[in-house]
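Structural characterization, general
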Amino acid sequence: MSTEAFAWSILLIVIVLNSLISIYGIVYRRSLVKKLISLTMLSDTVFVIFIMIGYRIVYPSVPPIFTSLTSEDLEYLRQHAVDPLPQALVLTGIVIGMAVNALIAFGIIQAYKLQGTTDARKLVEAALKEVPEE
């Protein structure tokens, strides 16, 4: 097994393990803070997958920058350039994810101030007690 194949295998194993751990944290943890951390881990894992999609397993990989418009240079760039679209999507996703995480963190802080806990089950019970029955 070559060194590159070993590195890609390790990366895929880590991505799968990270996805499973973060999904476990989202589903089975009671604390909203732990759920937020798990959600952030899962989104970062998705970003790594997007970058892997855009990466070409060709040596050497080069940035998609036109230096000259000769047919040889364009053919070389077509064969060796990294796809910039997944990189742009990841940058956009990071900014949106940061804003969503800040909003969720604000909600968790407010829930803690009002109820004194970040336990999701206790917060649901408290919310159900406050709803008047018809």
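Higher on the page you've got the structure.
Description of the structure in this document. (Residues numbered from 1 in each chain as written. Predicted model: local features only at pLDDT ≥ 70, side-chain atom pairs only at ≥ 80, totals over all residues. Heavy atoms only, no water.)

As a further point, take the pattern of salt bridges. Applying the stated rule across the entire model yields 2 salt bridges. Note that Arg30 is salt-bridged to Asp119, the shortest N-O span being 3.9 Å. Residue Arg30 is located in the loop between helix H1 (3–28) and helix H2 (32–54), and its partner Asp119 is located in the loop between helix H4 (84–115) and helix H5 (120–130); the two are separated by 89 residues in the primary sequence. Classification of Arg30 as partly exposed rests on a relative accessible area of 43%. Of the residues examined, Asp119 reaches a relative accessible area of 13% and is grouped as buried. A salt bridge links Arg78 to Glu75, with the shortest nitrogen-to-oxygen separation between them at 2.5 Å. Of this pair, Arg78 and Glu75 both sit in helix H3 (residues 71–80), separated by 3 residues, roughly a single helical turn. Looking at Arg78, the relative accessible area reads 52%, which means it is exposed. (Salt bridge = Lys/Arg side-chain N within 4 Å of Asp/Glu carboxyl O. Helix = DSSP H or I, 4+ residues; strand = E, 2+ residues; numbered from the N terminus. Buried < 20%, exposed > 50% of the residue type's maximum accessible area, 1.4 Å probe, protein only.)

Within the secondary structure, Thr117 is located in the loop between H4 and H5. A C-alpha to C-alpha distance of 65 Å links Thr117 and Thr70, two positions 47 residues apart in sequence. Among the polar contacts listed, one links the side chain of Thr117 to the backbone nitrogen of Asp119, at a separation of 3.1 Å. (Polar contact = N/O pair within 3.5 Å; in protein donor to acceptor, adjacent residues only side chain to side chain.)

A few words now on the packing of H2 against H4. Two numbers describe how H2 lies on H4: the axes approach to 10 Å, and their chain directions differ by 175 degrees. Taken together, the axis directions place H2 and H4 in an arrangement best described as roughly antiparallel. Across the interface between the two elements, Leu32, Val33, Leu36, Leu39, Thr40, Phe47, Phe50, Ile51 and Gly54 from H2 touch Pro86, Leu89, Val90, Gly93, Ile94, Asn101, Ile104, Ala105 and Ile108 from H4. For the contact of H2 with H4, the residue count by class is 14 nonpolar, 4 polar and no charged. (Axes fitted to C-alpha atoms, helices over the stretch in contact; angles between N-to-C directions. Parallel < 35°, antiparallel > 145°, perpendicular 65-115°, else oblique. Contact = heavy atoms within 4.5 Å. Nonpolar A, V, L, I, M, F, W, Y, C, P; charged D, E, K, R; others polar.)

Let us now look at the packing of aromatic side chains. Considering all chains together, one arrives at 1 aromatic pair under this definition. When the ring of Tyr24 is compared with that of Tyr28, the centres are 5.4 Å apart and the planes differ by 40 degrees; the resulting orientation is tilted. In this pair, Tyr24 and Tyr28 are both assigned in helix H1, 4 residues apart and thus about one turn of the helix distant. The class for Tyr24 is partly exposed, based on a relative accessible area of 42%. Using a relative accessible area of 60% as the deciding quantity, one classes Tyr28 as exposed. (Phe/Tyr/Trp six-rings, centres within 6.5 Å; stacked < 30°, edge-to-face > 60°.)

With that settled, consider the environment of Gly107. With respect to the secondary-structure elements, Gly107 resides in helix H4. Once the C-alpha coordinates of Gly107 and Leu32 are considered, the two residues, 75 residues apart in sequence, prove to be 9.7 Å apart.

Once that is clear, we can look at the environment of Ala102. By the element assignment, Ala102 lies in helix H4. Looking at Ala102, the relative accessible area reads 49%, which means it is partly exposed. Counting along the chain gives 66 residues from Ala102 to Leu36, while the straight-line C-alpha distance between them is 10.0 Å.

Packing of H1 against H2 brings their axes to within 8 Å, and their N-to-C directions diverge by 150 degrees. Relative to H2, H1 is oriented roughly antiparallel. Read as a crossing pair, H1 and H2 show a hand that is left-handed. Between H1 and H2, the contacting residues are Trp8, Leu11, Leu12, Ile15, Asn18, Ser19, Ile21, Ser22, Ile23, Gly25, Ile26 and Val27 on the first element and Lys35, Ser38, Leu39, Met41, Leu42, Thr45, Val48, Ile49 and Met52 on the second. (Left-handed = near helix turned anticlockwise from the far one by under 90°.)

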